[in-house]
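The chain contents come next:
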Amino acid sequence: MSDLDLLTQSLARNVKRWRTERGFTLDTLAGRAGVSRGMLIQIEQARTNPSIGTVVKIGDALGVSITTLLDYEQGPAVRIVPADQAVRLWHTDAGSYNRLLAGTEAPGPLEMWDWRLMPGEGSPSDPHPTGTVEMVHVTAGELTLTVDGIEYRVPAGASASFEADTPHTYANDGDEPMRMVMAVSVPPVR
């Protein structure tokens, strides 16, 4: 079975598990996540590979991290993720990508990401649930961070944090690759 097949099966099992644990019907989860009921059925039956945006929306609606939704090995209290097992969820032909390095529930989802954006590329994000905080640390190049329509420049060596419950975009307007590490903390579902 391929890595993609394992992730599809894990996503199917974990979405259904967390939806049931939260007491959500398919319609309830669809409404909370902003995705169609049909898409949720396909995901729970492992018949589709949804976009990263869809997985993020479902995780946010369930109050669990993407790591939890994709985890196919619930392991010991200390979980080491080898470099070759970090999950790449988004990439472009030019070489931009993001990789989920690690995640946990603490008490809500907490995720750590590795990002690379090539010159001229960007990645928009829909608003996350109220109380979600993102932190970035730029290790190379310069990040153009737009939060709620306001643009900020974050150079190599600098960090930024912001409330991520408004539209935001990560972009590289420079002429060299931009690298950053990002942490996302989502409040638990009540």
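The model shown is predicted, which means the values in this text are computed figures rather than measured ones.

Colleague: It is not clear to me how helix α4 (residues 52-62) should be interpreted in this structure. Could you clarify?
Modeller: Residues spaced three or four apart along an α-helix point in a common direction, a consequence of the helix completing one turn every 3.6 residues. Along α4, nine of the eleven residues are buried, which leaves the element largely enclosed by surrounding structure. Close packing links the buried residues of α4 with α1 (3-22), α2 (26-33), α3 (37-44), α5 (66-70), β1 (87-91) and β3 (109-117). Positive backbone phi, at 75 degrees, marks G63, one or two positions downstream of α4.

Colleague: So what exactly am I meant to see when it comes to the pairing of strand β4 (residues 122-125) here?
Modeller: Along a regular strand, successive side chains alternate from one face of the sheet to the other. Here β4 shows one buried face, formed by S123 and S125, and one open face, formed by G122 and P124. Across four bridges, the pairing between β4 and strand β9 (residues 168-171) is antiparallel. Note that in β9 the partner of S125 across the bridge is H168.

Colleague: Just to check I follow, could you spell out the pattern of salt bridges for this structure?
Modeller: Two side chains bearing opposite charge may form a pair once their charged atoms approach each other closely. Here the structure, examined in full by the defined rule, presents nine salt bridges. Residues E142 and R153 are paired through a salt bridge, measuring 3.6 Å at the closest nitrogen-oxygen approach. Of this pair, E142 sits in strand β6 (residues 142-147) while R153 is found in strand β7 (residues 150-155), placing the two residues eleven residues apart along the sequence. Note that E151 is salt-bridged to R153, the shortest N-O span being 3.4 Å. Assessed through its relative accessible area of 48%, E151 is described here as partly exposed.

Colleague: Honestly, the nonpolar core in this entry has me stumped. Any pointers?
Modeller: Among soluble globular proteins, nonpolar side chains are generally buried collectively. Grouped together as the largest cluster of nonpolar side chains are 43 residues, with contacts concentrated most on I58, L69, L143 and Y170. In terms of residue count, the dominant contributor to this core is α4 (six residues). Apart from the residues within four sequence positions on either side, Y170 is in contact with W115, L117, G122, S123, E134, V136, L143, T144, L145, F162, M180 and M182.

Colleague: Sorry if this is basic, but what is going on with the packing of aromatic side chains here?
Modeller: Any pair of aromatic rings gets described here by the distance separating the centres and the angle formed by the planes. Overall, the coordinates contain one aromatic pair when judged by the stated rule. Where W115 meets Y170, the ring centres are 5.1 Å apart and the plane angle is 50 degrees; that geometry is what we call tilted. Here Y170 lies in strand β9 and W115 lies in strand β3, a separation of 55 residues in the sequence. As far as burial versus exposure is concerned, W115 and Y170 are alike and both buried.

Conventions and cut-offs
- Residues numbered from 1 in each chain as written.
- Predicted model: local features only at pLDDT ≥ 70, side-chain atom pairs only at ≥ 80, totals over all residues.
- Heavy atoms only, no water.
- Buried < 20%, exposed > 50% of the residue type's maximum accessible area, 1.4 Å probe, protein only.
- Helix = DSSP H or I, 4+ residues; strand = E, 2+ residues; numbered from the N terminus.
- Contact = heavy atoms within 4.5 Å.
- Pairing = 2+ DSSP bridges.
- Salt bridge = Lys/Arg side-chain N within 4 Å of Asp/Glu carboxyl O.
- Core = buried A, V, L, I, M, F, W, Y, C linked by side-chain atoms within 4.5 Å.
- Phe/Tyr/Trp six-rings, centres within 6.5 Å; stacked < 30°, edge-to-face > 60°.

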